[in-house]
Amino acid sequence: NYAQVLDRKNKIVTKHSKGIEFLMRKNKIDVIKGTARLLGGGKIEVKNDQRTQTVEAKNIILATGSEARMLPGLEPDSKLILTNVEILDLPAVPKTLGIIGAGAVGVEFASIFQRFGSKVTLLEMLPRLVPVEDEEISQELAKHFRKVGIRTETGAKAENIRKNANSVSLTVTLANGNREEMEFEKLLIAVGRKPNTEKCGLENTQAQLDRGFVKVDSFQRTAEPGLYAIGDIVAGTPQLAHVATAEGMVAVGHIAGKPVRPIHRNRIPAGTYTDPGIGSVGLTEAQARAQNFRVKVGKFPFAGNSKATILGKHEGFVKVVSDEKFGEILGVHIIGPEAFELIGEAVTAMESEATVESMMNTIHAHPTIYEAIGEAFQNVHGLAINI
């Protein structure tokens, strides 16, 4: 019942949005609604329907977020050409759905709408799906997508996108050089997100930009005294909600003169909410080898996990990337049931500077999915017992 799904989704969003409003009131935070622009020197101009006012502050945090990028010459229209915003308000499941871009957003919506019954085609210009993930994760996801009937074309270029009365047509150059005409009821553009920094008055400050992203130091400070930046607009950190939260806590702590620890780039977890799910943290195997580590890898398939059998979800694996010399955990990559939950153990281990040996000797409850984490660490040294 897709209408019921949408209604539930909207109620959840509203509930949590109102929860934030409650927290603002509870903590006696003044909320000024309007369009704001930095004036420099600790001043902000805020315009709304009633008036224009200037707000002054010793410290300012810029957290203007991001919006979906569009291909040149296209605009989302909520009917045929969609972004991640419009697709969540479709009144019905489209019979056919084309998706341009196979990063997290593209593969998530491919997975969602395939399960609702859409015939999905996923087009990606780069050589593999979820290109920021470990290569073996990409291969496993592509294998599953093929199995469930999602057509995936990597190394593909979409051109000549045009709207029809009730569909979208485009010309696709495939990896083998062949050109194919495709037509879909709806087309989702999922080619990344751009920072909202164009109209917020940064030109009135000393803050520096890198392709629209704001440069900050380890405490989230820009080059403008008293101006901090957090979230999707920050250069060099992934555009993830939990990263924005962590950066916000660093910025506020620093402003308040409290001891804070800057975020560690290689200890940021990522979750991709497909089925099977993906969770990852740290270096991929290729990145670790490129940085000249003596890499030692441990893998464990969910096919050998009892709880995965109970759930009927055998696909995927846990992969540990480690440094052979010291047993340092360089990265952990998971694809399988609840991968985005399981990755938490790996993040905690890395943040605590645990080693492969300490994780091997950590007793995991049985039967659980997270047993697979322990077995992957054991298999770094070929000591997993269930494969």
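That block above? That's the structure.
Residues numbered from 1 in each chain as written. Predicted model: local features only at pLDDT ≥ 70, side-chain atom pairs only at ≥ 80, totals over all residues. Heavy atoms only, no water.

J.: Looking at this structure, I do not really get the overall build of the protein. What am I missing?
T.: Assigned secondary structure in the protein consists of 9 helices and 22 strands. Taken along the three principal axes of its C-alpha coordinates, the protein extends 70 × 60 × 40 Å. Counting across all 387 residues of the protein, residues that qualify as buried make up 41%. Long-range contacts, defined here as pairs at least 24 residues apart, represent 56% of the contacts in the protein between residues at least 6 apart. Carbon together with sulfur atoms contributes 52% to the accessible area of the protein, which is approximately 20,800 Å² in total. Between the mean site of the 47 positive side-chain charges and the mean site of the 45 negative ones, the protein shows a separation of 4 Å. (Helix = DSSP H or I, 4+ residues; strand = E, 2+ residues; numbered from the N terminus. Buried < 20%, exposed > 50% of the residue type's maximum accessible area, 1.4 Å probe, protein only. Contact = heavy atoms within 4.5 Å. Areas by Shrake-Rupley, 256 points an atom, 1.4 Å probe, with all protein chains shown as cover. Lys, Arg positive; Asp, Glu negative; His and termini not counted. Charge placed at Lys NZ, Arg CZ, Asp CG, Glu CD.)

J.: Looking at this structure, how should I read the pattern of salt bridges?
T.: Two side chains bearing opposite charge may form a pair once their charged atoms approach each other closely. For the coordinates displayed, the defined rule picks out 23 salt bridges. Two residues, K163 and D77, come together in a salt bridge whose shortest N-O distance is 2.7 Å. Here K163, found in strand β10 (residues 157-163), pairs with D77, found in the loop between β5 (66-68) and β6 (81-82); they are 86 residues apart in sequence, far enough to count as distant. In this structure K163 comes out as partly exposed when scored by relative accessible area, which is 46%. Measuring nitrogen to oxygen at the nearest pair gives 4.0 Å for the salt bridge that ties E351 to R267. Taken together, the residues span a long stretch of sequence, with E351 in helix α7 (residues 339-351) and R267 in the loop between α4 (241-255) and β18 (270-272) at a distance of 84 residues. The class of E351 is partly exposed, set by a relative accessible area of 32%. Each of D134, E136, E285, R289, K299 and K319 takes part in a single network of salt bridges with overlapping partners. (Salt bridge = Lys/Arg side-chain N within 4 Å of Asp/Glu carboxyl O.)

J.: Just to check I follow, could you spell out the packing of helix α2 (residues 104-116) against helix α3 (residues 135-148) for this structure?
T.: The description of two packed helices rests on the angle between their axes and on the distance between the axes. At a closest axis distance of 11 Å, the pairing of α2 and α3 adopts a crossing angle of 25°. Judged by the inter-axis angle, α2 sits roughly parallel to α3. The chirality of how α2 crosses α3 is left-handed. Residues V107, A110, S111 and Q114 of α2 pack against L141, F145 and V148 of α3. Taken together, the residues of the contact of α2 with α3 break down into 5 nonpolar, 2 polar and no charged. (Axes fitted to C-alpha atoms, helices over the stretch in contact; angles between N-to-C directions. Parallel < 35°, antiparallel > 145°, perpendicular 65-115°, else oblique. Left-handed = near helix turned anticlockwise from the far one by under 90°. Nonpolar A, V, L, I, M, F, W, Y, C, P; charged D, E, K, R; others polar.)

J.: What should I look at first to understand α3 in this one?
T.: Compared with an ideal rise of 1.5 Å per residue, which puts 14 residues at 20 Å, α3 spans 20 Å between its outermost C-alpha atoms and is within 8% of the ideal. In the core, the buried residues of α3 are packed alongside α2, β8 (119-124), β9 (151-154), β19 (277-282), β21 (317-323) and β22 (329-336). You can read the cap of α3 off the contacts: a side-chain oxygen lies 3.1 Å from the backbone nitrogen of E136, and it is on D134. Looking one or two residues beyond α3, the residue adopting positive phi is G149, at roughly 100°. (Expected span 1.5 Å × (residues − 1). Polar contact = N/O pair within 3.5 Å; in protein donor to acceptor, adjacent residues only side chain to side chain.)

J.: I tried to follow the sheet that holds β19 on my own but got confused; where do I start?
T.: Hydrogen bonds between backbone atoms are what pair the strands of a sheet, whose relative direction is either parallel or antiparallel. Strand order across the open sheet formed by 5 strands is β18-β19-β22-β21-β20, with antiparallel pairing between neighbours. Edge positions in the sheet fall to β18 and β20 (295-301), since each has one partner strand and no second. The mean angle between the axes of side-by-side strands here comes to 10°, regardless of whether they run parallel or antiparallel. Pairing analysis gives 6 bridges linking β21 to β22, with the strands arranged antiparallel. Looking at β22, one finds that K319 is bridged to H333. (Pairing = 2+ DSSP bridges.)

J.: Explain α2 to me, please; I cannot follow it from the model alone.
T.: With 13 residues, α2 extends 18 Å between its outermost C-alpha atoms, agreeing within 8% with the 18 Å of an ideal straight helix rising 1.5 Å per residue. All buried positions along α2 are accounted for by G106, V107, E108, F109, A110, S111 and F113. The inward-facing, buried residues of α2 abut α1 (2-26), β7 (96-100), β8, α3, β13 (186-189) and β18.

J.: I would appreciate a short explanation of the sheet that holds β6 in the present structure.
T.: Across the sheet, which stays open at both edges, the 5 strands sit in the order β6-β13-β7-β8-β9 with parallel pairing between neighbours. Of all strands in the sheet, those bounded by a partner on one side alone are β6 and β9. Bridging between β7 and β8 involves 5 bridges; their strand directions are parallel. Directly across from I99, in β8, lies its bridge partner L122.

J.: What is the right way to look at a nonpolar patch on the surface in this model?
T.: Residues I20, F22, L23, M24, I29 and V31 make up a contiguous nonpolar surface patch of about 530 Å² in total accessible area. Tracing the backbone shows F22 in helix α1. By relative accessible area, F22 is classed as partly exposed at 45%. (Patch = residues over 30% accessible without salt bridge, like charges linked within 9 Å, V, L, I, M, F, W, Y side chains within 5 Å.)

J.: Explanation requested: the side chain of S138 in the structure shown.
T.: With respect to the helices and strands, the residue S138 is situated in helix α3. Among the polar contacts listed, one links the side chain of S138 to the side chain of R128, at a separation of 2.7 Å. Side-chain polar atoms of S138 contact the backbone oxygen of L129, separated by 2.7 Å. In this structure, S138 is in contact with R128, L129, V130 and E133, ignoring residues within four places of it in sequence.

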